[in-house]
Amino acid sequence: MAKKNLSSVDTAWLRMEEPNNLMMPTGVMVFGAPIELERLRATLEYGLLPFDRFRQRVRWPWRPGGRPYWEDDPELDLDYHLQRAVLPPPGDQAALQDAVSLLASTQLDFSRPLWQLHLVETYGQGSALVCRLHHSLADGVALVHVLLSLADAGPDSLTSQEDLERREGQRVG
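Now for a description of the structure that goes with this document. (Residues numbered from 1 in each chain as written. Predicted model: local features only at pLDDT ≥ 70, side-chain atom pairs only at ≥ 80, totals over all residues. Heavy atoms only, no water.)

**Some words on unusual backbone geometry**
- Residues P89 and P90 are joined by a peptide bond in cis, for which omega reads 15 degrees.
- Mapped onto the elements of the fold, P90 is located in the loop between β5 (82-85) and α4 (93-104). (Helix = DSSP H or I, 4+ residues; strand = E, 2+ residues; numbered from the N terminus.)

See the structure below:
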């Protein structure tokens, strides 16, 4: 994909970013059962990476006054964008809140696509997913819809490679 200028609104979100004022909505999804990292990875490859913005990084023009633009990240590293996290015992809500607080106050790397997910594998009897997405990717409501679109319809959804291949064959465009 050719480079594409950021919209005026998205540029404003980037320019408002300061170390003490991050423009990064952070959300948490809690699951009653453990989530397998490889299954989540496959779900992201299928459901998130087809959206251009999740494969692109922001570049600032070399000349003053130029508009920032999106460009494909030729070195996209899903291992950077999807990380494992482990809570200290007892892995309760207080421990999760402390971890989320730390992540929410840590700036994203602007040399990469502006999102990161942290799979917390030790939350109670299940897992949690901490989602950090820069506001320049989309507005908050659109980001929530993107993330919810990743959720399975039920406990037996997307359980095997055959399911992934079947769903891949049903995708449009």
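Let us keep going from here.
**Description of the sheet that holds strand β2 (residues 26-31)**
- Strand order in the open sheet formed by four strands is β2-β7-β6-β5, with mixed pairing between adjacent strands. The two strands at the open ends of the sheet, each matched to only one other strand, are β2 and β5. Taken over all neighbouring pairs, the strand axes of this sheet differ in orientation by 20 degrees on average, direction set aside.
- As paired strands, strand β6 (residues 115-123) and strand β7 (residues 126-133) are joined by seven bridges and run antiparallel to one another. (Pairing = 2+ DSSP bridges. Axes fitted to C-alpha atoms, helices over the stretch in contact; angles between N-to-C directions.)

**Overview of helix α5 (residues 140-149)**
- Considered for burial, the residues of α5 that qualify are L143, V146 and L147. Viewed end-on, α5 has its buried residues packed into an arc of 95 degrees, placing them on one side of the element. With respect to the buried face of α5, the exposed residues turned more than 90 degrees away are V141, H145 and L148.
- Looking at the packing, one finds that the buried side of α5 touches β2 and β7. (Buried < 20%, exposed > 50% of the residue type's maximum accessible area, 1.4 Å probe, protein only. Arc of directions from axis to C-beta. Contact = heavy atoms within 4.5 Å.)

**A word on the sheet that holds strand β4 (residues 69-72)**
- The strand order across the open sheet built from three strands is β1-β4-β3, with neighbouring strands paired in antiparallel fashion. Only two strands of the sheet have a single partner each, and these edge strands are β1 (4-5) and β3 (56-59).

**A word on the side chain of S127**
- Mapped onto the elements, S127 comes out in strand β7.
- Side-chain polar atoms of S127 contact the backbone nitrogen of I35, separated by 2.9 Å.
- Beyond its immediate stretch of four places on either side in the chain, S127 contacts M29, V30, F31, A33, P34, I35, L119, V120 and E121. (Polar contact = N/O pair within 3.5 Å; in protein donor to acceptor, adjacent residues only side chain to side chain.)

**Thoughts on the pattern of salt bridges**
- Tallied over the entire structure, the rule returns eight salt bridges.
- In this structure, R84 engages E121 in a salt bridge whose closest nitrogen and oxygen atoms are separated by 2.9 Å. With R84 in strand β5 and E121 in strand β6, this pair connects stretches of sequence that are 37 residues apart.
- Using a relative accessible area of 55% as the deciding quantity, one classes R84 as exposed.
- Note on E121: relative accessible area 27%, which makes it partly exposed.
- Each member of the salt-bridge network shares a partner with another, and the members are R57, R59, E71 and D73. (Salt bridge = Lys/Arg side-chain N within 4 Å of Asp/Glu carboxyl O.)

**Remarks on the packing of aromatic side chains**
- Here the structure, examined in full by the defined rule, presents two aromatic pairs.
- Aromatic pair F54 and W115: ring centres 5.7 Å apart, planes at 70 degrees, arrangement edge-to-face. Of this pair, F54 sits in the loop between α2 (37-47) and β3 while W115 is found in strand β6, placing the two residues 61 residues apart along the sequence. For the pair shown, F54 and W115 are each scored as buried.
- Aromatic ring contacts, followed pair by pair, group F51, F54 and W115 into a single cluster.
- Just above the ring of Y69 sits the side chain of K3; from NZ or CZ to the centre is 4.4 Å. (Phe/Tyr/Trp six-rings, centres within 6.5 Å; stacked < 30°, edge-to-face > 60°. Lys NZ or Arg CZ within 6 Å of the ring centre and 35° of its normal.)

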